[in-house]
Amino acid sequence: MGTTKLTVELLLKRQDVIPHVKQVVDAAESHRSALGWYARSVYEEAASSEKLIVAIAHEGDQVSYAGHLWFTTKFPRGHVVQIHVSPSYRRQGIAKKQLDFLKSHLTGLNYISIGARVAEDLLQSQEFWQAQGFYAHGTAPGGRSHGRVIILRSHELPTPQLFAPSGLKQQDLLGLEDQSKTATKLYLLDLNVLFDLGPRRARHEDVVDLFALERLGVCHLALSTEFDAELARSALKGKTDPMQSIAQIFPKFAVPSEEELEQFTKEIGPIVFPERYAAGTLTKNDHSDLRHLATAVHHNLAGLVTSDGSILAAAAMLRARYSIDVLSPESFKILEDLDTGIGAITASTRATLDLEELASGQEEEVRALLTGLGISVGDQSRHWAATDGRSKACHRFVVLDATRIVGYLMWPSGLRDSTCDAFIAVDESAACAQDATRLMIVHLMNQAGERIQRIRLHLAPQQASVKEVASEVGFTGTDEARELNKISLNSAVIPENWIELRTKLLSVSGITLPQTMPLFRGVDQYIELQRPDGQRAQVTAFALETLLSPMLICMPGRPGVLVPIQRGYSEHLLNHLDQLQLLPHGKALLYQQRHYLSDPRTLKVFQRGSLMFFYESSGSGTGLMAVVAVARVTNAYLRPVDAVDSADLERSALEPSDLAAIGKSETKVVVAFDNLMKLPHPVPLESLKRFGCGQATQLLTSRRLTSEQIRKILLEGLQHEQSAERPDLPRRATRGKHS
């Protein structure tokens, strides 16, 4: 096309378009497999009715057909039937210009949306339509000749609408951003809980932490007017009970009428105090406890916090009958067994970063960090828990570059409806800012273990590094937002646990997956789900795994590959061992996507979306000789040894000097993988032989697995009912070489 400036003119008026119909027909005939076949009269009708947009390219004095867009309308919606760009004019943005022209045209006519049908296997087309704001909302069968699945897409126009727009958007496919905020539940306090504030009471620390959690917004606490009456009954004559003054700081809820209390006592007395109720010997304290319960039910509160054993024993019955929770103070702390984290790690800047719990005396430096980021003193105390003193009510961690604090992470030890509200701040001026962010986010996500939970990540102002790193592991949110959302489902999903995990996911997030696990068609096949707002959305299997990461949807028929790795590399790439690491971990553990390097002859066994099973070989006699972890292949490519750079190696467990240990070839395969998860039960060599995977010597190179072999490995590796300790698998950690 030379260097002459190209301009594109878009035609729609019938008198302008009709002269170009023959060129449109010729172009459609030349690309029949993509556009289908239609008679010339159909295009002539579209031109006459001004439903055909033709793109004309002007280059100097030369005028050429560059593409066309054929659409239909049925008010208030339009539909794209064909869009085509001549091969000579591709990569010039002409397709986008045609769609933008159509959007503007139909918006001016008060249409509300535009639809399109795109074959699922046309991956570049799917990416194009997604980029143009056409979200997937359904599927339909294609023609018999190809047997394709058709993805139904729609774009909503910015016109005043009688009905609210769907809210489906690329930045938030799961609908987490628009989901109504989790309401903070309000509980009544029993008298015994306040008395436990006394320093010599056995439950003192639990109650102190309960009030600390209330300050962090995990719950709200209130009292019943029965509280004052109970104190008045128990007070010594002529004495003032200081607890009466403390009680004035809480909101109060009135006890129901005597008639309602009498009816409630008849219903609930036999459940809470069966023996004394049957004998007619309920005490004053029993009646007081029943008034507290009746107040919570009458005002539709979340429940009652008490240390009374009789009421706690009846908690299940009370929840089933009245939908209230009866909880002890210690039940608010969910994450008691805290993983202390990765510890020291080598960053990409070669600095050694340490993740450790906030120590006494470091609060002032944390507050200085938060102040420098524009967080007010009030918010530092109320939301970020950056005050002096220690409490089990929240978990506070810092990242140290030498002795300097460059990152701060905090989350309450209790959850709000399975939602973890975490707060993260990073000194973006530090060279290691991104690595510090990765270290904290990896640590936060590790705390979920095998639990499904929602994470709401609150950011300090101007945290570009946090947004960038968080998006790698499936957090979503707009560019302007200071709150990112994610659902974490840390599991390999197989047909045998699909229903269980589907039910838990619905309970935690409001997201509904299909009733049964789909069969595998391709990693970019679309899966229909229902969002928390009731909207149905179509999400590719690959995207869904990223959004719910670390998650693997192990559909029947999905390909897999078994790869060998020796102990000296696996412990730094997979972090699968239980024992404490004395030396700093490798920087690969900072990344969601990591690299595995292999011999070039193995390239053919890796394909995007394959399940990747890591077999730790015997090496120098220290390896487990078992499959220890599974991940997802995201890409595989050849790289000459002299072109293997730090970007390739920092995500692997290798140094440049290690490249010779994985073959003499001057070219290596770099396999990028993510969504790594350790198998709870390593699958030993004996089992692999039984599954037909090969002998020990055959497992020293990457090899494909059959669908049945994958199924058997996953069933054995995920069997939670067996002991995690296997005496036949050695767990010594010494350094070996890559297989």
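Note that this is a predicted model, so its numbers are computed, not measured.

Glancing now at the overall build of the chain. A tally of regular secondary structure across the chain gives 25 helices and 29 strands. Out of the 739 residues in the chain, the part that is buried amounts to 52%. In the chain, the proportion of contacts linking residues at least 24 apart, taken out of those at least 6 apart, comes to 68%. Summed over all atoms, the accessible surface of the chain reaches about 33,600 Å², with 51% contributed by carbon and sulfur.

This part covers the pairing of strand E22 (residues 536-540). Within E22, four of the five residues are buried, leaving the element largely enclosed by the surrounding structure. As paired strands, strand E21 (residues 526-530) and E22 are joined by five bridges and run antiparallel to one another. If you follow glutamate 528 over to E22, its bridge partner there is glutamine 538. Hairpin connection between E21 and E22: a loop of five residues separates the two successive antiparallel strands, and glycine 534 in this loop has a positive phi of roughly 90°.

So, about the side chain of arginine 558. For arginine 558, the position within the fold is in the loop between strand E23 (551-553) and strand E24 (560-565). Only 2.5 Å separates the side chain of arginine 558 from the side chain of glutamate 545, close enough to count as a polar contact. In contact with arginine 558, not counting residues within four places along its chain, are Phe520, Val523, Glu545, Ile553, Gly609, Leu611, Arg632 and Ile710.

Read across the sheet, seven strands follow the order E1-E2-E3-E4-E5-E7-E6 without closing on themselves; strand pairing throughout is mixed. Lying at the two open borders of the sheet, with one neighbouring strand each, are strand E1 (6-11) and strand E6 (135-141). Between one strand axis and the next, the sheet turns by 30° as a mean value, whatever way the strands run. The pairing of E6 with strand E7 (residues 149-156) spans six bridges and is antiparallel. Within E7, the residue paired with threonine 139 across the bridge is isoleucine 151. In the packing of helix H2 (residues 21-30) onto the sheet, contacts are made with strand E2 (52-59), strand E3 (62-74) and strand E4 (77-85), and the angle to E3 comes to roughly 80°. Where helix H6 (residues 123-131) meets the sheet, it contacts E4, strand E5 (113-119) and E7, and its direction lies at approximately 165° from that of E5.

Note: strands within a sheet are paired through backbone hydrogen bonds, in either parallel or antiparallel orientation. Ordered by their spatial adjacency, six strands build an open sheet running E25-E28-E27-E26-E24-E29, and the pairing between neighbours is mixed. Two strands in the sheet have a free side with no partner beyond their single neighbour: strand E25 (594-598) and strand E29 (703-705). The sheet shows a mean angle of 45° between the axes of neighbouring strands, taken without regard to direction.

Two side chains carrying opposite charge are able to pair once their charged atoms lie near each other. Taken as a whole and assessed by the stated rule, the structure comprises 32 salt bridges. When the shortest N-O distance is used, the salt bridge between aspartate 121 and arginine 148 registers 3.2 Å. With aspartate 121 in the loop between E5 and H6 and arginine 148 in the loop between E6 and E7, this pair connects stretches of sequence that are 27 residues apart. With its nearest N and O atoms 3.0 Å apart, the salt bridge here joins glutamate 545 to arginine 632. Taken together, the positions of glutamate 545 in helix H21 (residues 541-547) and arginine 632 in strand E27 (residues 626-640) put the pair 87 residues apart, joining distant regions of the chain.

Before going further, it helps to examine the packing of helix H11 (residues 258-272) against helix H13 (residues 284-298). Put simply, H11 and H13 touch, their axes get as near as 10 Å, and they point 115° apart. When the axes of H11 and H13 are compared, the pair comes out roughly perpendicular. In the crossing of H11 with H13, the sense of the turn from one axis to the other is right-handed. Residues Glu260, Leu261, Phe264, Thr265, Ile268, Gly269 and Val272 of H11 lie in contact with H13, whose contacting residues are Leu290, Arg291, Leu293, Ala294, Val297 and His298.

In this section: helix H15 (residues 315-322). Taken together, the buried positions of H15 are occupied by Ala315, Leu318 and Tyr322. Angularly, the buried residues of H15 cover 65° about the axis, an arc narrow enough to put them on a single face. Exposed positions of H15 whose direction lies more than 90 degrees from the buried face are Ala316 and Ala320. Where the residues of H15 are buried, they touch H11, H13, helix H14 (309-313) and strand E12 (325-327). The positive-phi residue at the C-terminal boundary of H15 is serine 323, with phi of around 60°.

We now examine the nonpolar core. Soluble, globular proteins show a tendency: their nonpolar side chains are buried together. Of all hydrophobic cores here, the largest spans 31 residues; its most connected members are Val399, Ile424, Ile441, Leu444, Leu457 and Phe475. Of all elements in the fold, only strand E14 (352-357), strand E15 (394-401), strand E16 (404-412), strand E17 (419-426), helix H18 (433-446), strand E18 (452-459) and helix H19 (464-472) reach the threshold of two or more residues within this core. Looking at which element gives the most residues to this core, the answer is H18, with seven residues. With residues up to four places along the chain from it excluded, the contact list for isoleucine 424 reads Trp384, Tyr408, Leu409, Met440, Ile441, Leu457, His458, Leu459, Ala460, Gln463 and Val466. In this structure, Val563, Ile565, Val605 and Val669 belong to the second largest nonpolar core, which totals 29 residues.

Estimated volume of the second largest pocket: approximately 1,500 Å³. For the second largest pocket, the lining is made up of 40 residues, of which Ala34, Leu35, Ile83, Leu122 and Ser125 are closest to its centre. If you list the elements that add at least two residues to the lining of the second largest pocket, you get helix H3 (32-35), E4, helix H5 (94-108), E5 and H6. Grouping the constituent residues of the lining of the second largest pocket by class yields 19 nonpolar, 14 polar and seven charged.

All right, on to the environment of alanine 647 then. With respect to the element layout, alanine 647 can be found in helix H23 (residues 646-649). In the structure, alanine 647 is positioned 52 residues away from histidine 595 in sequence and 9.7 Å away in space, judged by C-alpha atoms.

Rules and cut-offs
- Along each chain, residue indices are assigned from 1 in the same order as the chain's sequence is written.
- Only residues with pLDDT of at least 70 get local features here, since the model is predicted, and only at 80 or more are side-chain atom pairs given and counted; chain-wide, interface and lining totals rely on the full set of residues.
- Note: side-chain values were computed over all heavy atoms of the structure, leaving out hydrogens and water.
- Strands are runs of DSSP state E lasting at least 2 residues, helices are runs of H or I lasting at least 4, and numbering of each runs from the N terminus.
- For each residue, the accessible area found with a 1.4 Å probe, counting protein chains only, is set against the maximum for its type, and the residue is called buried under 20%, exposed over 50%, and partly exposed in between.
- Contacts are residue-level and defined by heavy atoms, with any inter-residue pair within 4.5 Å sufficient.
- In short, Shrake-Rupley with a 1.4 Å probe defines the accessible areas, and a residue's cover is counted only from the protein chains shown.
- When DSSP finds two or more bridges between two strands, those strands count as paired.
- N or O atoms within 3.5 Å of each other form a polar contact, as long as, within protein, one can give a hydrogen and the other can take it, and as long as residues adjacent in sequence are counted only when both atoms are side-chain atoms.
- Lines fitted to the C-alpha atoms define the axes, with helices restricted to the stretch that makes contact. Angles between their N-to-C directions range from 0 to 180 degrees.
- Salt bridges are counted wherever a side-chain nitrogen of Lys or Arg sits within 4 Å of a carboxyl oxygen of Asp or Glu.
- Note on terminology: angles under 35 degrees are roughly parallel, angles over 145 are roughly antiparallel, angles of 65 to 115 are roughly perpendicular, and the others are oblique.
- By convention the crossing between two helices is left-handed if the near helix lies anticlockwise of the far one by an angle smaller than a right angle, and right-handed if it lies clockwise.
- In this description, one arc is meant: the one made by directions from the helix axis to the C-beta atoms.
- For the purposes of this section, nonpolar cores are sets of buried Ala, Val, Leu, Ile, Met, Phe, Trp, Tyr and Cys residues that join through side-chain atoms within 4.5 Å.
- With a 1 Å grid laid over protein atoms only, a set of points is called a cavity when a 1.4 Å probe fits there but cannot get out and a pocket when it is open yet has protein on both sides within 12 Å along at least five of seven lines; lining residues have an atom within 4 Å of a point.
- Grid points are joined across faces, edges and corners, and a volume is the space filled by probe spheres set on the points.
- Following the grouping adopted for this structure description, the nonpolar residues are Ala, Val, Leu, Ile, Met, Phe, Trp, Tyr, Cys and Pro, the charged ones are Asp, Glu, Lys and Arg, and the polar ones are all others, Gly among them.

Structural measurements only, silent on function.
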